[in-house]
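Chains, contacts and geometry: an overview
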Amino acid sequence: MRLRSGRQQKTDDRPEAQNTPGLAVELRGVRRRYGRGAGAVHALAGVDLALPRGTFTAVMGPSGSGKSTFLQCAAGLDRPSAGSVRLGGTEITGMTENKLTELRRSRLGFVFQSFNLLPSLTVEQNVLLPLRLAGQRPDRRRAAAVLAQVGLGDKARRRPGELSGGQQQRVAIARALVTGPDVVFADEPTGALDTGTAAEVLGLLRHAVDTLGATVVMVTHDPAAAAWADRVLFLADGAFADELERGTAQQIAARMTTLTARTARAAGAMAGAVV
Ligand code: ADP
């Protein structure tokens, strides 16, 4: 069993990061349709979701099940065709593009498969970038604190190219945490890493949730990565079809196999009905 008591004990210099009641992410009846008429694709076909603050959620599903669309709609990068999305208690549906950009910069963190660090900036400058983009003072003490939290306290002056892949992803995590965001969205964060390094990076995300009160939503295809989450949600054909709490990698893989077979059978039956 995972120890979760650290969440109460550790301190964060961002007071609102802790013990804030309420939900970090809330989706109600979210639909996303691409195209129109007979050719329309219902990438999200009615998604409801409520994620409390301080939780780590993994989203899995077969290819084409709607994972990317879900992430983009939940993170305010794409607009649903219907339904509502709330982030940190703020309704983002209908927000202007400027407001949405501001919200993404100041209240969301992103971690990508490909790290997305700026190679010409130092590690510290990369970490401070979200604060600069949000028009806030580039607080170097804050950068030093988050870099220490990800175990890179001595790498502030290095450039990304001088670091290993795992270290670069740690910088990306520090950058995602620097604003004390309501939610960190991670898209296949370990897709480019070997198994050992992947475990270190996932351990860091776990640590951010347990000790800093961060909220992490991670899309992954890897059951071993998903096993670090509190809860795994399984998407099929644009809707959540199943979920597993504190599952092992084996249990998660077994659910995925069942889900993929079910989806393939349904697609086969549909094709049979059409021909
Ligand atoms: P996943 O990330 O699980 O592979 P996606 O969210 O990328 O799934 O896609 C869900 C469905 O929406 C798929 O059928 C895909 O082909 C379709 N889709 C995604 N993006 C577009 C787009 N821009 N235009 C048309 N269809 C799209």
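Refer to the preceding data block for the structure.
Residues numbered from 1 in each chain as written. Predicted model: local features only at pLDDT ≥ 70, side-chain atom pairs only at ≥ 80, totals over all residues. Heavy atoms only, no water.

Some points on the overall build of the protein chain
For the protein chain, the count of helices and strands is 9 helices and 10 strands. Computed over C-alpha atoms, the radius of gyration of the protein chain comes to 19 Å, within 12% of the 19 Å expected from 2.2 N^0.38 for 275 residues, which places it in the range of a compact globule. Its C-alpha atoms give the protein chain principal-axis dimensions of roughly 65 × 40 × 40 Å. A total of 275 residues make up the protein chain; the buried ones form 49% of that total. Across the protein chain, contacts joining residues at least 24 apart in sequence account for 68% of those joining residues at least 6 apart. Approximately 13,000 Å² of the protein chain is accessible, and the part contributed by carbon and sulfur atoms is 53%. The positive charge centre, built from 35 side chains, and the negative charge centre, built from 25, are 3 Å apart in the protein chain. (Helix = DSSP H or I, 4+ residues; strand = E, 2+ residues; numbered from the N terminus. Rg over C-alpha atoms; globule rule 2.2 N^0.38 Å. Buried < 20%, exposed > 50% of the residue type's maximum accessible area, 1.4 Å probe, protein only. Contact = heavy atoms within 4.5 Å. Areas by Shrake-Rupley, 256 points an atom, 1.4 Å probe, with all protein chains shown as cover. Lys, Arg positive; Asp, Glu negative; His and termini not counted. Charge placed at Lys NZ, Arg CZ, Asp CG, Glu CD.)

A few points about unusual backbone geometry
For Glu188, which is not glycine, the phi torsion reads 45 degrees and is therefore positive. As for its placement among the helices and strands, Glu188 is situated in the loop between strand 7 (183–187) and helix 7 (195–212). The class for Glu188 is buried, based on a relative accessible area of 13%. Unlike most non-glycine residues, Arg246 shows phi in positive territory, near 45 degrees. Of note, Arg246 is situated in the loop between strand 10 (239–245) and helix 9 (249–274). Residue class for Arg246 comes out partly exposed when judged on its relative accessible area of 41%.

Considerations on the site of the ligand
Tyr34, Val41, Ala43, Pro62, Ser63, Gly64, Ser65, Gly66, Lys67, Ser68 and Thr69 make up every residue found near the ligand. A distance of 3.0 Å separates an oxygen atom of the ligand from a polar backbone atom of Gly66. Between Lys67 and the ligand, the recorded distance is 2.9 Å, taken from a side-chain N or O atom to an oxygen atom. Here the ligand has 560 Å² of accessible area as a free molecule, and 57% of this is covered by the chains. Listed by contribution, the elements that provide at least two residues to the shell around the ligand are strand 2 (41–52) and helix 2 (67–74). If one sorts the elements of the shell around the ligand by residue count, helix 2 sits on top with 3 residues. Residues of the shell around the ligand, tallied by class, amount to 4 nonpolar, 6 polar and 1 charged. (Near = heavy atom within 4 Å. Polar contact = N/O pair within 3.5 Å; in protein donor to acceptor, adjacent residues only side chain to side chain. Nonpolar A, V, L, I, M, F, W, Y, C, P; charged D, E, K, R; others polar.)

Regarding the sheet that holds strand 4 (residues 82–87)
Within the open sheet, the 4 strands sit side by side as 2-1-4-5. Their pairing is antiparallel. Edge positions in the sheet fall to strand 2 and strand 5 (90–91), since each has one partner strand and no second. Alignment of strand 4 against strand 5, held across 2 bridges, turns out to be antiparallel. The residue bridging Leu87 from the neighbouring strand is Thr90, located in strand 5. Where helix 2 meets the sheet, it contacts strand 1 (23–34), strand 2 and strand 4, and its direction lies at approximately 125 degrees from that of strand 1. (Pairing = 2+ DSSP bridges. Axes fitted to C-alpha atoms, helices over the stretch in contact; angles between N-to-C directions.)

Examining the nonpolar core
Of all hydrophobic cores here, the largest spans 48 residues; its most connected members are Val127, Ile173, Leu177, Met218, Phe234 and Ile252. Looking at which element gives the most residues to this core, the answer is helix 7, with 8 residues. Ignoring anything within four residues of it in the chain, the contact list for Met218 reads Phe56, Thr57, Ala58, Val59, Ala186, Pro189, Leu202, Ala225 and Ala226. Judged by nonpolar contacts, the second largest core, of 28 residues, contains Phe70, Met95, Phe110 and Leu235. (Core = buried A, V, L, I, M, F, W, Y, C linked by side-chain atoms within 4.5 Å.)

Some points on the layout of surface pockets
Looking at the largest pocket, its volume works out to about 400 Å³. Every residue lining the largest pocket is counted, 16 residues in all, and those nearest its centre are Arg104, Arg105, Phe110, Pro130 and Leu133. Elements represented by at least two residues in the lining of the largest pocket include exactly helix 3 (97–107), strand 6 (108–112), helix 4 (123–133) and helix 6 (165–177). With 4 residues, strand 6 is the single largest residue contributor to the lining of the largest pocket. Its residues placed into classes, the lining of the largest pocket shows 9 nonpolar, 4 polar and 3 charged. (1 Å grid on protein atoms, 1.4 Å probe; cavity = no way out; pocket = protein on both sides within 12 Å on 5 of 7 lines; lining within 4 Å. Points joined across faces, edges and corners; volume = space filled by probe spheres on them.)

Quick notes on the packing of helix 4 against helix 5 (residues 140–149)
Remark: helix 4 packs on helix 5, axes separated minimally by 10 Å, with the N-to-C direction vectors making an angle of 110 degrees. The orientation of helix 4 relative to helix 5 falls into the category roughly perpendicular. Where helix 4 approaches helix 5, its residues Val123, Glu124, Val127 and Leu128 are matched on the opposing element by Arg140, Ala143, Val146 and Leu147. For the contact of helix 4 with helix 5, the residue count by class is 6 nonpolar, no polar and 2 charged. (Parallel < 35°, antiparallel > 145°, perpendicular 65-115°, else oblique.)

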